[in-house]
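One letter stands for each residue in the lines below.
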Amino acid sequence: MDSFFKMPPQKSLVRNKPKRTNIMRTIELKKELIAKFESGTRVSDLAAQYNMAKSTISTILKKKEAIKAADVAKGVKTLTSRRPYRMEDVEKLLLKWVTERQARGEKVSEPIICERARQLYSDLTRDSPGDSADDFKASRGWFENFKKRSGIRYVVRKRETLRADKEGAKKFVEEFQSFVGSEGFLPQQVFNCDETGLFWKKMPKRTYITREEKSLPGHKPMKDRLTLLLCANASGDCKVKPLLVYHSETPRAFKKNNVQKNKLSVMWRSNAKALVTRQFFAEWFQEVFAPSVAEYLTEKNLPLKALLVLDAAVAQPSGLGEDWSGDHDFIAVKFLPPNTTPLLQPMGQQLISNFKKLYTKALFQRCFEVTMETNLTLREFWKDHFNILHCLTVLEKAWEQVTKRTVQLSWRKLWPASVVPRFFEGFEPDPALETDVVDEIVSLGKFMGLEVDSDDVEELVEEHTLMLSADHLQDVQQPGLPEDASSEEEEDAGWNDNIPTAEIKEMLGYWAKTQSLVAKWHPSVAVVKRNINLFDGNVVEHFRGILKSRKRQAALDGIFTKEEASCASSGSETPASKRGRKDRATDADSDQADSPSVE
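On a predicted model such as this, the values are computed, not experimentally measured, just so you know.

1. Some details on the packing of helix H14 (residues 351-373) against helix H15 (residues 378-385)
Piece 1. In contact at an axis separation of 9 Å, H14 and H15 are set at 115° when each is read in the N-to-C sense. Classified by chirality, the crossing of H15 by H14 is right-handed. In this structure, H14 uses Leu 363, Arg 366, Cys 367, Val 370 and Thr 371 to contact H15, whose residues at the interface are Leu 378, Phe 381 and Trp 382.
Piece 2. When grouped by side-chain class, the residues that make up the contact of H14 with H15 number six nonpolar, one polar and one charged.

Here it is in structure tokens:
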């Protein structure tokens with residue numbers, strides 16, 4: 001009986017075996033492993049090399065066809081079965097966008113990432129008849145899976161604190177206040193500037209104007225972007241003429257109205273991506289900022305000295321004083337430390353946000369006035385009559401409406417002592433009361449029959465900060481693509497590149513000699529350097545490009561000639577030489593049919 005009721009031996013509660021950890025490997029690593037296996041490396045050798053179990057290697061090799069076919073963003077670790085290729089493209093572009101924003105020290109929150117994902121999906125599916133932007137919701141579940149697949153970190157939740165260098169910011173604030181105090185700088189003498197993107201012809205996305213534009217093929221006016229460089233002093237009574245960079249040097253509206261660019265309310269510059277460059281910033285500093293500050297300080301009977309506070313952007317060189325210290329040595333420059341810009345940059349403390357809301361308000365007012373005073377409908381005015389020249393008028397109005405108080409309050413984190421208390425007389429009401437501005441935008445929109453609310457306005461302002469559209473991101477990923485076909489500039493109809501090589505070399509020789517003589521005898525080194533760089537980059541570089549292209553072609557022709565001669569001596573012809581001969585024959589036929597031969 002005792003043996004009948006005997007309890008079975010209990011398992012030991014002590015487990016000495018360590019818990020197994022699941023390590024996620026990236027798709028790139030798996031592709032590398034598969035490539036080595038296919039080149040002859042044994043499974044056991046791969047296991048030793050990558051510190052992995054043989055069974056894990058075998059599992060990866062079983063899925064090698066799917067892994068090899070996967071075109072995913074760098075850092076993605078898992079493949080979801082039967083994921084649409086469209087989503088792979090969206091996540092690839094999205095990961096690049098998130099990485100770029102984080103590298104600049106900007107806030108990247110879950111709502112912003114989800115909204116950006118919806119925009120990218122909409123951009124990529126707009127020309128696909130079977131797809132709809134509503135098919136992808138960018139849900140919380142998708143976001144969590146995207147984080148796992150991409151391996152992104154440091155994404156802030158809504159209302160979470162921005163991950164920036166708070167200790168570094170605190171230390172710089174103390175140093176800055178000590179510096180301006182010891183140097184005796186007044187708020188009137190201390191300036192800050194920053195650049196921002198603006199989609200100048202964009203309505204809130206729920207309006208019928210935006211919906212109609214999205215449904216049409218081709219160029220979308222709402223994606224037409226410009227970049228502004230805004231600048232003001234800490235006292236708020238000196239707002240410097242902005243720098244504006246657009247993708248067209250001379251838009252059609254300028255040609256039609258004989259616009260003189262030097263009389264615009266902005267300093268006009270252009271390049272293919274509408275981005276501020278070091279050269280543009282230097283020109284603005286020399287030709288606009290320094291003279292404007294000198295004139296302002298003279299009018300105010302203040303000492304001729306100033307301080308410009310900048311972030312460490314590429315377009316704003318750290319050696320500002322090197323090229324023109326003799327001309328503008330009354331201006332000192334101080335840079336914000338890395339990863340402190342979101343916390344300390346005065347222009348970023350709601351000033352630029354307020355400016356964009358005022359731009360939207362002035363834009364809606366312009367639409368309202370035109371539709372009330374003319375026979376044009378809002379749709380007709382927006383599509384056919386609102387151009388970049390009208391945009392400049394709206395921009396000027398919005399910049400003027402940024403109040404002195406708004407500018408002053410933007411310095412409260414970096415230089416609290418510069419903010420004048422409210423009980424002093426002579427100041428406008430608080431920062432253009434942003435809620436009032438938004439309410440006015442909503443009222444104007446509804447009066448014109450637009451579906452818009454306060455959330456739509458806030459979302460529109462946030463979208464202006466999303467500098468790169470899907471098309472721009474694709475350009476970054478595929479260098480060498482042609483410039484934007486929507487540019488309003490037109491090539492001269494009779495232009496061709498049949499200039500003889502000898503004349504290009506002669507021209508470059510003259511240009512080098514001219515530079516040397518001008519630099520030797522002109523009294524201003526800064527003026528010489530600026531204008532030589534401008535002409536060299538915009539004119540001479542074109543001919544250098546032609547010369548380089550011809551040299552590369554000559555080198556290729558030499559290689560093919562040697563290969564053919566070698567094959568001819570042996571009585572055979574290689575596949576490469578066959579392809580080269582065929583391609584050159586095709587090119588020669590095309591050249592004879594389309595244009596005369598190049599010397």
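2. Re the pattern of salt bridges
Piece 1. In the structure shown here, the tally under the stated rule is ten salt bridges.
Piece 2. A salt bridge links Glu 32 to Lys 36; its shortest N-O distance comes to 3.7 Å. Taken together, the residues Glu 32 and Lys 36, both in helix H1 (residues 27-38) and four residues apart, mark about one turn of the helix.
Piece 3. Relative accessible area serves as the criterion here: at 37%, Glu 32 is assigned to the partly exposed category.
Piece 4. You can call Lys 36 partly exposed: its relative accessible area is 25%.
Piece 5. Salt bridges linked by common partners bring Arg 269, Glu 283 and Glu 287 together as one network.

3. Notes on the sheet that holds strand E3 (residues 239-246)
Piece 1. Strand order in the open sheet formed by six strands is E4-E3-E2-E1-E5-E6, and the pairing between neighbours is mixed. The open sheet has two edge strands with one neighbour each: strand E4 (267-270) and strand E6 (331-335). Adjacent strand axes in the sheet meet at a mean angle of 25° when their direction is disregarded.
Piece 2. Here five bridges tie strand E2 (residues 225-233) to E3, and the two strands are oriented antiparallel to one another. In the strand pairing of E3, Cys 231 is matched with Val 240.
Piece 3. Together, strand E1 (190-199), E2, E3, E4, strand E5 (306-310) and E6 form the strand contacts of helix H11 (residues 278-299), whose direction differs from that of E3 by roughly 165°.
Piece 4. On top of the sheet, H14 reaches E1 and E2; it is set at about 45° to E1, its chief contact.

4. As for the packing of aromatic side chains
To describe a pair of aromatic rings, one takes the distance between the centres and the angle between the planes.
Piece 1. Considering all chains together, one arrives at 17 aromatic pairs under this definition.
Piece 2. Between the aromatic rings of Trp 142 and Phe 146, the centroid separation amounts to 5.3 Å while the plane-to-plane angle is 10°, which identifies the pairing as stacked. With Trp 142 and Phe 146 both in helix H7 (residues 140-150) and four residues apart, the pair spans about one turn of that helix.
Piece 3. On the basis of relative accessibility, which here comes to 9%, the residue Trp 142 falls in the buried class.
Piece 4. Grouped by ring-pair contacts, the aromatic residues Phe 191, Phe 281, Trp 284, Phe 285 and Phe 289 constitute a single cluster.
Piece 5. One Lys or Arg, Lys 305, reaches over the ring of Phe 185 and ends 5.0 Å from the middle of that ring.
Piece 6. In this arrangement the basic side chain of Lys 334 is found over the ring face of Phe 179, its NZ or CZ atom lying 4.5 Å from the centre.

5. Topic: the confidence of the model for the chain
Piece 1. Overall, the predicted model of the chain reaches an average pLDDT of 75, with 68% of residues at or above 70.
Piece 2. For the chain, per-element mean pLDDT is lowest for helix H20 (residues 470-477), which scores 42, and highest for E3, which scores 96.
Piece 3. Below a pLDDT of 50 lies the segment residues 321-325, which in the model reaches six contacts outside its immediate sequence neighbourhood of four places, other chains included.
Piece 4. Residue range residues 572-599 is modelled with pLDDT below 50. Its contacts to residues more than four positions away, or to other chains, number 23 contacts.

Cut-offs used in this document
- The residue count restarts for each chain, going from 1 along the sequence in the order it is written.
- Local features in this predicted model are restricted to residues whose pLDDT is 70 or higher, and side-chain atom pairs enter the listing and the counts only when it is 80 or higher, whereas totals over whole chains, interfaces and linings include all residues.
- Only hydrogens and water are set aside; all other atoms, that is, all heavy atoms of the structure, feed into the side-chain values.
- Angular values range over 0 to 180 degrees, each being the angle between N-to-C directions of two axes fitted as lines to C-alpha atoms, with helices fitted over their stretch in contact.
- Only runs of H or I of at least four residues qualify as helices and only runs of E of at least two qualify as strands under DSSP, and these elements are numbered from the N terminus.
- Crossing handedness: left-handed means the near helix sits turned counterclockwise from the far one by under a right angle, and right-handed means the same turn made clockwise.
- Here a residue-residue contact requires only that any non-hydrogen atoms of the pair lie within 4.5 Å.
- For this classification, Asp, Glu, Lys and Arg are treated as charged, while Ala, Val, Leu, Ile, Met, Phe, Trp, Tyr, Cys and Pro are nonpolar and the rest, including Gly, are polar.
- Counted as salt bridges are all cases of a side-chain nitrogen of Lys or Arg within 4 Å of a carboxyl oxygen of Asp or Glu.
- A 1.4 Å probe rolled over the protein chains alone gives each residue an accessible area, and that area as a share of the maximum for its type sets the label: buried under 20%, exposed over 50%, partly exposed in between.
- A pair of strands is considered paired only if DSSP assigns at least 2 bridges between the two.
- Between 30 and 60 degrees the pair is tilted, below 30 it is stacked and above 60 it is edge-to-face, where a pair is any two Phe, Tyr or Trp rings, Trp via its six-membered ring, whose centres lie within 6.5 Å.
- In our convention, an over-ring charge means Lys NZ or Arg CZ found within 6 Å of a ring centre and within 35 degrees of that ring's normal.
- Known as pLDDT, the predictor's confidence for each residue is given on a scale from 0 to 100.

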